[in-house]
Amino acid sequence: MQYQSTRGSAPTLGFEDVTLAGLASDGGLYIPESWPAFTPDQIRALAGLSYVETAVRVMAPFVAGSLSEEELRELCTAAYGRFSHGAVTPLVQLDHQHWLLELFHGPTLAFKDVALQLLGQLFERFLSRRDDHLTIVGATSGDTGSAAIDAVAGRAKIDIFMLHPDGRVSDVQRRQMTTVRAPNVYNIAIDGSFDEAQALVKAMFNDAAFSRRFNLSAVNSINWARLMAQVVYYFYAAVRLGAPERQVAFSVPTGNFGDVFAGYVAAKMGLPVAKLIVATNVNDILHRALSEGDYSQGQVVATATPSMDIQVSSNFERLLFDAGGRDGLALADQMRGFEASRAMRLTNAQREGAAHLFGSARIDADGMTMAMRWAYDGAGQIVDPHSAIGLAAAREAALDPSIPVVTLATAHPAKFRDAVERATGTRPPLPARVGDLFAREESYAKLPGTFDAVTAYVAERATPRA
Ligand SMILES: *Cc1c(COP(=O)(O)O)cnc(C)c1O
């Protein structure tokens, strides 16, 4: 499989290079040159397979040329063996039409584990082939940091430096990062906001000499391998609900548009997806883009669903490219316009290409609370605030009752205990596997939010390239 950039002027690359590169050299995102197609018989044959076997079948075409089926199986077995549920991503029924797909049984209790556990395995495999070394640098407001750290802790050939804004992540989130004791993990509390931490990371990448010397790499959701790993659970869930004979709809709590784009890929591959509902909180740029064609950046408002407090969704570019007719140079122009004015209109082709499959909804705090109560009162299920946004959008969509609607449950409710308690009166306990989180010793550096302080810290500890 070869991959092309959404902006039309970077070289096409194979899967291994795309995984290690992250962003394309022209500023675009990598996407397969064509979508692999599954016949109804091939989808039928997924019935009854384990998660790992489903993952091998669904991902094999994407890694062709870089990994054998046996190697892929080995990496998936290692990645998903760390999940605490035998089904890896179990389905839970809420009523005659609505289901939850629980994506939070990984080591850090958020759906990002599904992709990052595999990415950690892929990095290690590819780096040892090349005898190369990577330095991952990131800024986190919570979930991505802990999932990335867990995925690479203790791995040879990778160091990870994770910046978080001091005092501005929850205790659970901070401890999930700072209690990981491995010689290649460095946590840094920055005196400043998340945006300032993010700006420091960008500045390090923009320093070409520094970036080359330490082979800097990012793990955010623009990495194609992360999206690929997320395609699997759409197949896994839909097959259990009757695909390919029956259509299934999905509602996806959305921030960077990575998770829901994986659903689009599944549909392109032949999975009978009736609808993909993009659920946003009041930071609703995607809802405005999909319903009115208006992609214009607003001010980010802090909500009870911090992982969705986003006003620019990096993966949306992949949809604009594919649905809009795959004209990379035209899209590069359009994106340059957006970067200059922070606003753009979708083209007619982009709107029509998306309209077939996507619906969207903007859910405010009341809608979120009502969905949490509905799941708790009707089915005894405690859902986290992000999943509740998805559930509210799923119910609002009022689809034909013959179509099962699966809401992706993206975080364990215990990660957001205060918000859950406010809505339902019940405080979810931390699951046993992280139960001693508050007894473990923390270790992290506190640094001023200056470029010099952070780069000096990294340069002293990271492994320079040979
Ligand atoms: C990251 C995240 C999301 C948003 O996913 P995207 O792929 O960025 O759209 C939703 N919920 C939770 C809990 C997350 O951590």
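Residues numbered from 1 in each chain as written. Predicted model: local features only at pLDDT ≥ 70, side-chain atom pairs only at ≥ 80, totals over all residues. Heavy atoms only, no water.

So, the UniProt feature "domain: Threonine synthase N-terminal" (unreviewed entry) in the chain
Right, on to step 1. With numbering matched to this structure, UniProt assigns "domain: Threonine synthase N-terminal" (unreviewed entry) to residues 2–80.
Right, on to step 2. Strand forms 11% of residues 2–80 and helix 47%; the C-alpha atoms that close the span are 26 Å apart. (UniProt positions renumbered as here; feature names shortened; annotations may be inferred. Helix = DSSP H or I, 4+ residues; strand = E, 2+ residues; numbered from the N terminus.)

Considerations on the pairing of strand β8 (residues 185–191)
Right, on to step 1. Counting buried residues in β8 gives six out of seven residues, a clear majority hidden from the surface.
Right, on to step 2. Pairing of strand β7 (residues 158–165) with β8 involves six bridges; the strand directions are parallel. Directly across from Ile160, in β8, lies its bridge partner Val185.
Right, on to step 3. Since β7 and β8 lie parallel, the crossover through helix α7 (residues 171–178) that links them has a hand, and here it is right-handed. (Buried < 20%, exposed > 50% of the residue type's maximum accessible area, 1.4 Å probe, protein only. Pairing = 2+ DSSP bridges. Right-handed = clockwise from strand over helix to strand, strands pointing away.)

Digging into the sheet that holds strand β6 (residues 134–139)
Right, on to step 1. Spatial strand order, β9-β6-β7-β8-β16: five strands in an open sheet with parallel pairing. Across the chains shown, the open sheet's two edge strands, defined by having one partner strand only, are β9 (216–217) and β16 (445–448).
Right, on to step 2. Relative to β7, β6 is paired through six bridges, and the arrangement is parallel. Each bridged residue has a counterpart across the sheet, and for Ile136 the counterpart in β7 is Ile160.
Right, on to step 3. Packing of helix α6 (residues 143–152) onto the sheet brings it into contact with β6, β7 and β8, and relative to β7 it is tilted by some 160°.
Right, on to step 4. The strands that helix α19 (residues 451–461) touches are β7, β8 and β16; relative to β16, the one it contacts most, it runs at about 140°. (Contact = heavy atoms within 4.5 Å. Axes fitted to C-alpha atoms, helices over the stretch in contact; angles between N-to-C directions.)

Notes on the packing of aromatic side chains
Right, on to step 1. Scanning all chains against the criterion turns up 21 aromatic pairs.
Right, on to step 2. Relative to Tyr457, the ring of Phe161 lies with its centre 6.4 Å away and its plane at 90°, an arrangement referred to as edge-to-face. Of the two residues, Phe161 sits in strand β7 while Tyr457 sits in helix α19, which places them 296 residues apart along the sequence. Like Phe161, the residue Tyr457 is buried in the burial classification. (Phe/Tyr/Trp six-rings, centres within 6.5 Å; stacked < 30°, edge-to-face > 60°.)

A word on the packing of helix α4 (residues 69–80) against helix α5 (residues 112–130)
Right, on to step 1. Where α4 meets α5, the closest approach of the two axes is 9 Å, and the angle between their N-to-C directions is 135°. In terms of axis orientation, α4 runs oblique to α5. Regarding α4 and α5, the two cross each other, and that crossing is right-handed. Contacts between α4 and α5 pair Glu71, Glu74, Leu75, Cys76, Ala78, Ala79 and Tyr80 from the former with Val114, Gln117, Leu118, Gln121, Leu122, Arg125 and Arg129 from the latter.
Right, on to step 2. Here the residues of the contact of α4 with α5 are counted per class, giving eight nonpolar, two polar and four charged. (Parallel < 35°, antiparallel > 145°, perpendicular 65-115°, else oblique. Left-handed = near helix turned anticlockwise from the far one by under 90°. Nonpolar A, V, L, I, M, F, W, Y, C, P; charged D, E, K, R; others polar.)

Concerning the sheet that holds strand β4 (residues 91–93)
Right, on to step 1. Sheet architecture is open: six strands sit in the order β4-β5-β15-β10-β11-β14, paired in mixed fashion. The sheet is open, and its two borders are formed by β4 and β14 (358–362), each paired with just one other strand. Averaged over all neighbouring strand pairs, the angle between strand axes comes to 25°, with direction disregarded.
Right, on to step 2. Here three bridges tie strand β10 (residues 248–253) to strand β15 (residues 405–409), and the two strands are oriented parallel to one another. When the bridges of β15 are listed, Phe250 appears paired with Val406.

A look at the pairing of β15
Right, on to step 1. Counting buried residues along β15, five of its five residues qualify, which places the element largely inside the surrounding structure.
Right, on to step 2. Burial along β15 is two-sided: the face carrying Val405, Thr407 and Ala409 and the face carrying Val406 and Leu408 are both buried.
Right, on to step 3. Sheet topology places strand β5 (residues 98–102) next to β15; five bridges connect them, and they run parallel. By the bridge assignment for β15, Leu100 is matched with Thr407.

What to know about the nonpolar core
Right, on to step 1. The biggest cluster of nonpolar side chains holds 110 residues, and the ones touching the most others in it are Tyr80, Trp224, Phe250 and Phe358.
Right, on to step 2. By residue number, the principal contributor to this core is helix α10 (residues 224–240), which donates 14 residues.
Right, on to step 3. Discounting residues that sit within four places of it in the chain, Trp224 has contacts with Tyr3, Phe15, Val18, Tyr30, Pro32, Trp35, Phe62, Phe261, Val265 and Arg318.
Right, on to step 4. In this structure, Val92, Phe104, Ala249 and Ala371 belong to the second largest nonpolar core, which totals 28 residues. (Core = buried A, V, L, I, M, F, W, Y, C linked by side-chain atoms within 4.5 Å.)

So, the site of the ligand
Right, on to step 1. For the ligand, the set of nearby residues contains 14 residues, the closest of which are Lys112, Gly255, Asn256, Asp259 and Thr410.
Right, on to step 2. Grouping the constituent residues of the shell around the ligand by class yields four nonpolar, seven polar and three charged. (Near = heavy atom within 4 Å.)

Describing the layout of surface pockets
Right, on to step 1. The computed volume of the second largest pocket comes to approximately 180 Å³.
Right, on to step 2. Lining the second largest pocket are Arg82, Pro107, Thr108, Ser146, Asp150, Gln176, Thr179, Val180, Arg433, Val434, Leu437 and Arg440.
Right, on to step 3. Along the lines of polarity and charge, the residues of the lining of the second largest pocket split into four nonpolar, four polar and four charged. (1 Å grid on protein atoms, 1.4 Å probe; cavity = no way out; pocket = protein on both sides within 12 Å on 5 of 7 lines; lining within 4 Å. Points joined across faces, edges and corners; volume = space filled by probe spheres on them.)

Quick look at helix α16 (residues 365–379)
Right, on to step 1. Helix length check: α16, at 15 residues, gives a terminal C-alpha distance of 21 Å against a target of 21 Å (1.5 Å per residue), a fit within 8%.
Right, on to step 2. Along its buried surface, α16 packs onto α17 (385–396) and α18 (417–424).
Right, on to step 3. Between the side-chain oxygen of the N-cap and the backbone nitrogen of Asp366 there are 3.2 Å, and the N-cap of α16 in question is Asp364.
Right, on to step 4. Positive phi shows up at Gly380, right after α16, with a value of about 65°. (Expected span 1.5 Å × (residues − 1). Polar contact = N/O pair within 3.5 Å; in protein donor to acceptor, adjacent residues only side chain to side chain.)

Overview of the side chain of Asp384
Right, on to step 1. By secondary structure assignment, the location of Asp384 is in the loop between α16 and α17.
Right, on to step 2. Of the buried charged residues, Asp384 lacks a salt bridge, with Lys415 as the closest side chain of opposite charge at 9.2 Å.
Right, on to step 3. Looking at Asp384, its side chain comes within polar contact range of the side chain of His386, at 2.7 Å. (Lys, Arg positive; Asp, Glu negative; His and termini not counted. Salt bridge = Lys/Arg side-chain N within 4 Å of Asp/Glu carboxyl O.)

Things to note about the pattern of salt bridges
Right, on to step 1. The tally for this structure, following the rule as stated, stands at 32 salt bridges.
Right, on to step 2. Among the ionic pairs, Glu442 bridges to Arg174, the shortest N-O distance being 2.8 Å. Note that Glu442 is positioned in the loop between α18 and β16 and Arg174 in helix α7, a separation of 268 residues in sequence.
Right, on to step 3. Owing to a relative accessible area of 22%, Glu442 belongs among the partly exposed residues under this scheme.

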